[in-house]
Amino acid sequence: MARIVYVNGVYAPYASAVVHAEDRGFQFADAVYEVCEVRDGLLVDERRHMARLQRSLGELRMAQPMDLRSLGVILRETVRRNRVKNGLVYLQITRGVARRDFAFPQPGVAPTVVCFARPLSRAKGEKRAGAGISVITLPDIRWTRADIKTTGLLAQSLARQQANEAGAYEAWMVDRDGYITEGASCNAWIVTADGKLVTRPADFGILRGITRGVVMDIARRNGFVFEERAFTVDEAKAAREAFQTSATGLVMPVVKIDGEPVGNGKPGEVAVGLRQVYHTVAEISSTPAHLT
Ligand code: PDD
């Protein structure tokens, strides 16, 4: 089936969906983005993703190209035109096209808005979660504003490549003091020997994951004790369980870190349980009407 990509007001065939050579997203990664899960044709946690998008735009002093309701229409129309039942929808906004200059262009330059959607196999995701994944750890070499969801993802791209070359699925990045920050494209969690859920506080050093937030809601509602604090690689390796969260991977059990088994080397029951209930707590919306 022909894929369709939204670019600046036009739903274009994949091959002709292009942006300008002097787009600031291309030259400076002067762009923010969001990835939402699509489940049964509906958007998951749209409200929270759009709130984070607004925050990212604000941090970069970039104007919001249109209201959230209109962005919601584009997201849905892109999902519909690509007939994505289960998968993801990706939205990117750049500061627009301008003669290459490090400082911002004059006000009035139109932002570039791109949206695409693509299917992801639910069966494959479940199979992966059933087996659990391996991660490697490596230094976090990113800039200090990882809280902004920009397309400046080179460090994460290198990390993921290194993980894949090592036969692992993901890379967990480690700060200078030996504490795990997050995965290349996910948040990192452990379950301690006494059953506490631990994940790093969402300061400037990590992205405040939407899936992370929903997992915290689940934990609160179910009486889990959780701690927002940094944990070391050694603590993760000695944990009862480890897992990671993201909109596309959901709650994904981690069974090996740097080749060493975590817990009994099988997906942990907390991670499996969180994954099972995830969509009963996430917001799943058919219309953008709830957005103002
Ligand atoms: N990545 N941390 C990083 C660095 C991420 O890139 C992501 C998401 C997350 C998890 O955030 P959320 O739960 O909101 O998806 C954490 C997306 C999926 C991506 O870039 O494809």
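In this text, all values refer to a predicted model and were calculated from it rather than measured experimentally.

The rules behind these values
- Residues numbered from 1 in each chain as written.
- Predicted model: local features only at pLDDT ≥ 70, side-chain atom pairs only at ≥ 80, totals over all residues.
- Heavy atoms only, no water.
- Near = heavy atom within 4 Å.
- Polar contact = N/O pair within 3.5 Å; in protein donor to acceptor, adjacent residues only side chain to side chain.
- Areas by Shrake-Rupley, 256 points an atom, 1.4 Å probe, with all protein chains shown as cover.
- Helix = DSSP H or I, 4+ residues; strand = E, 2+ residues; numbered from the N terminus.
- Axes fitted to C-alpha atoms, helices over the stretch in contact; angles between N-to-C directions.
- Parallel < 35°, antiparallel > 145°, perpendicular 65-115°, else oblique.
- Left-handed = near helix turned anticlockwise from the far one by under 90°.
- Contact = heavy atoms within 4.5 Å.
- Nonpolar A, V, L, I, M, F, W, Y, C, P; charged D, E, K, R; others polar.
- Domains from an automatic or database assignment.
- Buried area = accessible area lost by both parts, 1.4 Å probe.
- Salt bridge = Lys/Arg side-chain N within 4 Å of Asp/Glu carboxyl O.
- Buried < 20%, exposed > 50% of the residue type's maximum accessible area, 1.4 Å probe, protein only.
- 1 Å grid on protein atoms, 1.4 Å probe; cavity = no way out; pocket = protein on both sides within 12 Å on 5 of 7 lines; lining within 4 Å.
- Points joined across faces, edges and corners; volume = space filled by probe spheres on them.
- Pairing = 2+ DSSP bridges.
- Right-handed = clockwise from strand over helix to strand, strands pointing away.
- Patch = residues over 30% accessible without salt bridge, like charges linked within 9 Å, V, L, I, M, F, W, Y side chains within 5 Å.
- Expected span 1.5 Å × (residues − 1).
- Arc of directions from axis to C-beta.
- Core = buried A, V, L, I, M, F, W, Y, C linked by side-chain atoms within 4.5 Å.

Novice: What is the right way to read the site of the ligand from this model?
Specialist: Neighbouring residues of the ligand: 20 residues in total, closest Y33, E182, I210, T211 and A247. Separating a nitrogen atom of the ligand from a backbone N or O atom of S185 is a distance of 3.4 Å. Measuring from an oxygen atom of the ligand, one finds a backbone N or O atom of A247 at 2.8 Å. Starting from 470 Å² of accessible surface for the ligand in isolation, the protein chains cover 91%. Only β3 (31-39), α2 (46-59), β9 (180-183), α6 (210-221) and β13 (241-246) provide two or more residues apiece to the shell around the ligand.

Novice: Mind showing me how you'd approach the packing of α2 against α6 here?
Specialist: The angle between the axes and the distance between the axes are what describe a pair of packed helices. At their nearest, the axes of α2 and α6 sit 10 Å apart, and the two run at 130 degrees to each other. For the element pair α2 / α6, the angle class is oblique. Note that α2 runs across α6; the crossing there is right-handed. Across the interface between the two elements, R48, H49 and R52 of α2 pack against I210, V214 and D217 of α6. Partitioning the contact of α2 with α6 into residue classes produces 2 nonpolar, 1 polar and 3 charged.

Novice: Mind showing me how you'd approach the domain arrangement of the chain here?
Specialist: How big an interface is tends to be expressed through the accessible area that disappears when the partners come together. Structurally, the chain comprises domain 1 (4-120) and domain 2 (125-281). Every contact between the two is made by 21 residues of domain 1 and, on the other side, 21 residues of domain 2. Overall, the association of domain 1 and domain 2 removes approximately 1700 Å² of surface from exposure, summing both partners, and the carbon and sulfur fraction of that is 58%. The three residues of domain 1 that bury the most area against domain 2 are Y33, R48 and R52, which together make up 35% of that side's buried surface.

Novice: I tried to follow the pattern of salt bridges on my own but got confused; where do I start?
Specialist: A side chain of one charge can pair with a side chain of the opposite charge when the charged atoms of the two come close. Enumeration according to the criterion identifies 27 salt bridges in this entry. Note that E283 is salt-bridged to R47, the shortest N-O span being 2.6 Å. On the criterion of sequence distance, the pair formed by E283 in the loop between α8 (269-281) and β16 (284-285) and R47 in helix α2 is long-range, its members being 236 residues apart. Taking the relative accessible area as the measure of exposure, R47 reaches 38% and is therefore partly exposed. Note that R145 and E59 form a salt bridge whose closest N and O atoms lie 2.8 Å from each other. On the criterion of sequence distance, the pair formed by R145 in the loop between β7 (133-139) and α5 (154-165) and E59 in helix α2 is long-range, its members being 86 residues apart. You can call E59 partly exposed: its relative accessible area is 38%. Through salt bridges with shared partners, a single network forms among D194, K196, E227, R229 and E235.

Novice: Quick question: what am I supposed to make of empty space enclosed by the protein here?
Specialist: Gaps left between atoms show up when a probe the size of a water molecule is rolled over them. Under the definition given, this model contains 1 cavity of 30 Å³ or more. If you add up the space inside the largest cavity, you get close to 50 Å³. The residue inventory of the lining of the largest cavity, partitioned by class, reads 5 nonpolar, 2 polar and 2 charged. Per-domain counts for the lining of the largest cavity show at least three residues from each of domain 1 (4-120) and domain 2 (125-281).

Novice: Explain the pairing of β7 to me, please; I cannot follow it from the model alone.
Specialist: Looking along a regular strand, one sees the side chains alternate between the two faces of the sheet. Counted residue by residue, β7 has 5 buried out of 7 residues, so it is predominantly covered. Relative to strand β8 (residues 170-174), β7 runs parallel, the two sharing 5 bridges. Counted as the bridge partner of P139 is V174 from β8. Note that the unit made of β7, α5 and β8 has a crossover that is right-handed.

Novice: What is the right way to read a nonpolar patch on the surface from this model?
Specialist: Together, I141, L154 and L158 line one region of the surface with nonpolar side chains, adding up to about 340 Å² of accessible area. Classification of I141 as exposed rests on a relative accessible area of 61%.

Novice: How should α5 be read in this particular structure?
Specialist: Residues lying three or four places apart along an α-helix face the same way, a consequence of the helix completing one turn every 3.6 residues. The end-to-end C-alpha distance of α5 is 16 Å, a good match for the 16 Å that 12 residues give at a rise of 1.5 Å each. For α5, every residue scored as buried is listed here: A155, Q156, A159 and A163. Around the axis of α5, the buried residues are gathered within 95 degrees of arc, so they sit on the same side. Within α5, the exposed residues directed more than 90 degrees away from the buried face are L154 and E165.

Novice: In this structure, what is going on with the nonpolar core? I would like to understand it.
Specialist: Taken as a class, soluble globular proteins show a tendency for nonpolar side chains to be buried jointly. The biggest cluster of nonpolar side chains holds 23 residues, and the ones touching the most others in it are L53, V89 and L91. Of all the secondary-structure elements, those providing two or more residues to this core are β3, α2, α3 (68-81), β5 (87-94) and β6 (112-119). Here this core takes 5 residues from α3, the largest share from any one element. Once residues within four sequence positions are removed from consideration, V89 is found in contact with E34, V35, C36, V38, L43, L75, V79, C115, F116 and A117.

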